[in-house]
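Coordinate inspection notes
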Amino acid sequence: MKKRTIVIAGNWKMNNGPKEAEMLTKEIISKIKNKNIKYILCVPFIDIDIMYKAINGTNIKLGAQNCHWEKSGAFTGEISVDMLKNIGIEYVIIGHSERRQYFNETDESVNKKIISALNQGINPILCVGETLKEREADKTNDVIYNQVTKALENVDKESIKNVIIAYEPIWAIGTGKTATPMQANEICKYIRDIVKKLYGENISDNIIIQYGGSMNPSNAEKLLSQDDIDGGLIGGASLKADDFTKIINIADNITRNE
Ligand code: PGA
């Protein structure tokens, strides 16, 4: 039986301006059948305003894809957590591998962002994951351990309850190459064990751990049925209303049938 509510989050990345965002969201809303799970759309900053109108009256939550840890100041091009809070954003993706890889995000900056988001009452979706090279060198567990423990440094027992962790093997992101349900579950369980070591069993039993990396309607059921996988962070498939809502409806069925 699924112990935790499944959480499906779409990560639109750098796709969809306000017009497309509105159209896609309306299509998604028209195709979602059930409401037993939680779902979040993490959209570009410029879409947030129109998205509020589009999701009005639904249980879709909105998320951003990045934030800066300082309140305000001379940080050209950045958006602070305070600003996100002011417009009512509830979730923010932090430490996505694309940000680590292309924008030099480090475990330290990830940690600052996590702390800052939690201080503002925004729920972070913390992304961790290994490269193919690291996996092949048998370093997956070490990499994950480091990323998780460093990201959560100084996060206390109360705040950790608001963190979602997404395990996203880098070799599976946008490649069409998915981790097998067993591989994905193994690392999600390992992450839960790290959380248990840091915060105790009760918290580790309740924390949401998602899998991300080429999740689509054909592999979602097997992945989401695994004991330690509590949801998905979905890139490519979240850009197509059909695919995204199929995954949502699959997750919903898993919740109801179990
Ligand atoms: P993908 O992206 O589903 O396109 O692999 C997942 C992500 O990067 O969050």
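Structure's up top.
Note that the structure is a prediction, hence the values are computed from the model and not measured.

1. So, helix α7 (residues 140-151)
- If you check α7, its first and last C-alpha atoms are 16 Å apart, about what twelve residues at 1.5 Å a residue would give, namely 16 Å.
- Those residues of α7 not exposed but buried are T140, V143, I144, Q147, V148, T149 and A151.
- The elements touched by buried residues of α7 are α4 (97-102), α5 (107-119), β5 (123-128), α6 (132-136), β6 (164-167) and α8 (181-199).

2. A word on the pattern of salt bridges
- According to the stated counting rule, one finds 18 salt bridges in the structure shown.
- Here D82 ties to K71 by a salt bridge, and the two come within 3.3 Å at their closest N and O atoms. In this pair, D82 sits in helix α3 (residues 81-86) while K71 sits in the loop between β3 (60-64) and α3, placing the two residues eleven residues apart along the sequence.
- Since its relative accessible area comes to 55%, K71 is described here as exposed.
- Linking D193 and K189 is a salt bridge whose minimum nitrogen-to-oxygen distance equals 3.2 Å.

3. Some thoughts on the packing of α5 against α7
- It is the contact of α5 with α7, at a shortest axis distance of 8 Å, that shows an interaxial angle of 40 degrees. Of the possible angle classes, the one that applies to α5 and α7 is oblique. Across the interface between the two elements, D107, V110, N111 and I114 of α5 pack against Q147, K150 and A151 of α7.
- Split by residue class, the contact of α5 with α7 holds three nonpolar, two polar and two charged.

Conventions and cut-offs
Residues numbered from 1 in each chain as written. Predicted model: local features only at pLDDT ≥ 70, side-chain atom pairs only at ≥ 80, totals over all residues. Heavy atoms only, no water. Helix = DSSP H or I, 4+ residues; strand = E, 2+ residues; numbered from the N terminus. Expected span 1.5 Å × (residues − 1). Buried < 20%, exposed > 50% of the residue type's maximum accessible area, 1.4 Å probe, protein only. Contact = heavy atoms within 4.5 Å. Salt bridge = Lys/Arg side-chain N within 4 Å of Asp/Glu carboxyl O. Axes fitted to C-alpha atoms, helices over the stretch in contact; angles between N-to-C directions. Parallel < 35°, antiparallel > 145°, perpendicular 65-115°, else oblique. Nonpolar A, V, L, I, M, F, W, Y, C, P; charged D, E, K, R; others polar.

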